[in-house]
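# Remarks on the overall topology
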Amino acid sequence: MLKVNDINVYYGAIHAIKGVSFEVNDGEIVTLIGANGAGKSTILNTVCGLLRSRTGSIEFLDKNLGSIPAHKIVELGMAHVPEGRRVFLQMTVEENLEMGAYTQPRSTIDPNLERVYDQFPRLKERRKQIAGTLSGGEQQMLAMGRGLMSNPKLLMLDEPSMGLAPILVEQIFDIIKRLHERGTTILLVEQNARMALSVADRGYVLETGKIVATGTGGELLRDEAVKRAYLGG
Amino acid sequence: MMTFLTNLVSGISLGSVYAIIALGYTMVYGIAKMLNFAHGDVIMVGAYISFCTTSYLALPAWVSVIFAIVVCTALGVVIEGLAYKPLRQAGSLAVLITAIGVSYFLQNAAQLIWTSNTKVFTSVVGSGSIKLFNGQLTITVAALVTVAACIIIMVALTLFTTTTKMGKAMRACSEDKGAAQLMGINVNRTISMTFAIGSALAAIAGVLLCSSYNTLIPTTGAMPGIKAFTAAVFGGIGSIPGALLGGILLGIIEVFTNSYLSSELSLAIVFGVLIVVLLVRPSGLLGKYVPEKV
Ligand SMILES: Nc1ncnc2c1ncn2[C@@H]1O[C@H](COP(=O)(O)OP(=O)(O)OP(=O)(O)O)[C@@H](O)[C@H]1O
Ligand SMILES: [Mg+2]
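Quick notes on the rules
- Residues numbered from 1 in each chain as written.
- Chains lettered and ligands numbered in written order.
- Predicted model: local features only at pLDDT ≥ 70, side-chain atom pairs only at ≥ 80, totals over all residues.
- Heavy atoms only, no water.
- Helix = DSSP H or I, 4+ residues; strand = E, 2+ residues; numbered from the N terminus.
- Buried < 20%, exposed > 50% of the residue type's maximum accessible area, 1.4 Å probe, protein only.
- Contact = heavy atoms within 4.5 Å.
- Areas by Shrake-Rupley, 256 points an atom, 1.4 Å probe, with all protein chains shown as cover.
- Lys, Arg positive; Asp, Glu negative; His and termini not counted.
- Charge placed at Lys NZ, Arg CZ, Asp CG, Glu CD.
- Axes fitted to C-alpha atoms, helices over the stretch in contact; angles between N-to-C directions.
- Parallel < 35°, antiparallel > 145°, perpendicular 65-115°, else oblique.
- Left-handed = near helix turned anticlockwise from the far one by under 90°.
- Nonpolar A, V, L, I, M, F, W, Y, C, P; charged D, E, K, R; others polar.
- Buried area = accessible area lost by both parts, 1.4 Å probe.
- Salt bridge = Lys/Arg side-chain N within 4 Å of Asp/Glu carboxyl O.
- Pairing = 2+ DSSP bridges.

## Examining the overall build of chain A
Within chain A one finds ten helices and ten strands. Across the 233 residues that make up chain A, the buried fraction comes to 54%. Long-range pairs, those at least 24 residues apart, make up 66% of the contacts in chain A between residues at least 6 apart in sequence. Accessible surface for chain A amounts to roughly 9,700 Å². Of this, 49% is attributable to carbon and sulfur atoms. In chain A, the 27 positive side-chain charges and the 27 negative ones have mean positions that sit 3 Å from each other.

## Topic: the packing of helix H1 (residues 2-32) of chain B against helix H10 (residues 240-260) of chain B
Residue and element names in this part refer to chain B. Contact pair H1 / H10: the axes reach a minimum separation of 6 Å and the direction vectors enclose 140°. With respect to H10, the element H1 is oriented oblique. Where H1 crosses over H10, the handedness of that crossing is right-handed. Of the residues in the contact of H1 with H10, the class split is 17 nonpolar, ten polar and one charged.

## Some remarks on the interface of chain B and chain A
Interfaces are often described in size by the accessible area the parts lose on coming together. The interface of chain B with chain A comprises 24 residues on the first partner and 28 residues on the second. With both chains or domains summed, chain B and chain A bury close to 2,400 Å², and 58% of this area falls on carbon and sulfur atoms. For the pair chain B and chain A, the interface holds three salt bridges. Taking the shortest distance from any N to any O, the salt bridge between Lys168 of chain B and Glu98 of chain A comes out at 2.5 Å.

## Observations regarding unusual backbone geometry
Residue and element names in this part refer to chain A. In this structure, Leu61 is a non-glycine residue whose phi angle is positive, near 50°. With respect to the helices and strands, Leu61 occurs in the loop between strand E4 (57-60) and strand E5 (63-64). One non-glycine residue, Asp62, lies in positive phi territory at about 65°. Within the secondary structure, Asp62 is located in the loop between E4 and E5.

## Some points on the pattern of salt bridges
Inspection of every chain in the model, using the stated rule, returns eleven salt bridges over all chains. Across the pair Arg171 of chain B and Glu95 of chain A runs a salt bridge whose closest N-O atoms are separated by 2.9 Å. Pair noted here: Arg171 of chain B is in helix H6 (residues 165-175) and Glu95 of chain A is in helix H3 (residues 93-100), and the two residues belong to different chains. If you follow the salt bridges from partner to partner, you end up with Arg122, Arg126 and Glu138 of chain A in one network.

## Points about the pairing of strand E2 (residues 14-24) of chain A
Residue and element names in this part refer to chain A. Sheet analysis places strand E1 (residues 2-11) next to E2, joined by eight bridges and oriented antiparallel. In the strand pairing of E2, Asn8 is matched with Lys18. Hairpin connection of E1 to E2: two residues between the antiparallel strands, including Gly12 at a positive phi of 60°.

## Quick word on the environment of Pro111 of chain A
Residues and elements named next belong to chain A. Looking at the secondary structure, you find Pro111 in helix H4 (residues 109-119). Overall, Pro111 belongs to the partly exposed group, its relative accessible area being 49%. Separated by 90 residues in the primary sequence, Pro111 and Ser21 have C-alpha atoms spaced 37 Å apart.

Honestly, it's all geometry; don't read function into it.
This is how it looks when you write it as structure tokens:
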């Protein structure tokens, strides 16, 4: 589904991603783990077209994303729930969700809204509320719901559990598992490496812009170096 | 008492023009995060187009208004595409200086085409007026049309931004361009669209302004442009109701100082009020404050 081949990404003179390659197959949950500043968000932003790689290629559904602008990539069936939620604070909950369906035909909006409201009943209660007045956790649910409004084939989640109470983290991971069962392919970036690896089919470990280890979720959970660095011993 | 009412009416009418211009500033600022200093000069171009259509082509006034709107809309989109779009990644100072450059360019181009001689602009709504209170209070048709146009524009824009898909996409872009792109919104097209709307409004403002003042020179748009910019900041830049409130208040303040104090002081007072408002409420009268969650 997604093939990333030897990308190098720079912020001015800073070489943030150094020759990274990985792939995500149909129906998989793949996770990228790594310390703060390792380059996880940079990779997701490059895949969705907000940033550009100087080298290599990114293929999505056998299409080279090369110079396709970010807003067109969304139409191909990719949704990115960015780090820090980035919901539209001055718009209502429902308007935010409608924006998530921007590329979709009108007729799909209502059924999709229903589906998202089913998953996040809290959002339904607050559909007319301005997003800026939601709690942090509610905003995170909104960001995820917004990403789902386009029925994506590939859903990229950048730290969906950030700042959430443990019970909500469980809930987010439950939703991830359910989406997975329904066939959505997921690329997950998480600080919570243990949780991420336990739901993931495969994982990649990122260190200062390079991939240093890869394996199935189970393998990485048992790996000594990974344990020491990311799982607290 | 009648002087007071007369002043109030002309203040509201002048303020309505400022409000229409301020809308252009505020929408463009809200989305492109830039101060389009050339906006005032688009007003002037609109007025000249209308003038030429009626004087040289002898077409009816309403056709001239449509021509002005069409030409200014295209002009706005071209200015954005040629001058501002290449600077999307540049610092705001570079963009500001470019905008000032575009402003001088338009004024000088107008001088080349139409010379600097004052043109007599015939009101597009005729010179009629309504007399009230046994003729003690005169309200010109131009003033009435101006206020009506302002109200219609305000309502239309509010509906546009709250109910249409394009309008909502504009609001999304004004908040977070990156996130808007992730929704599949074409940010460049949305910015062009905003310039188109702002410039169309500038054309209308130009025609209305000159219908009240009846004279037209290449710098006609400069001063109203700066005042409307003040009005936009006064009301809260980025806010549509703010532009309306700021524009109307500014018009009233200006007319009243002209009448009761002196016309030399009116500008000083207008800007004095702006400074006081900004000291007390840095985001303007209706500027939005949204708490950000981290
Ligand atoms: N806009 C930017 N300008 C300059 N450097 C940046 C920018 N964004 C990120 N970087 C740098 O690139 C590197 C990778 O950042 P990135 O945000 O991808 O890390 P991350 O793995 O997502 O970290 P975290 O877990 O903290 O979110 C960091 O060293 C960071 O300082
Ligand atoms: Mg990150």
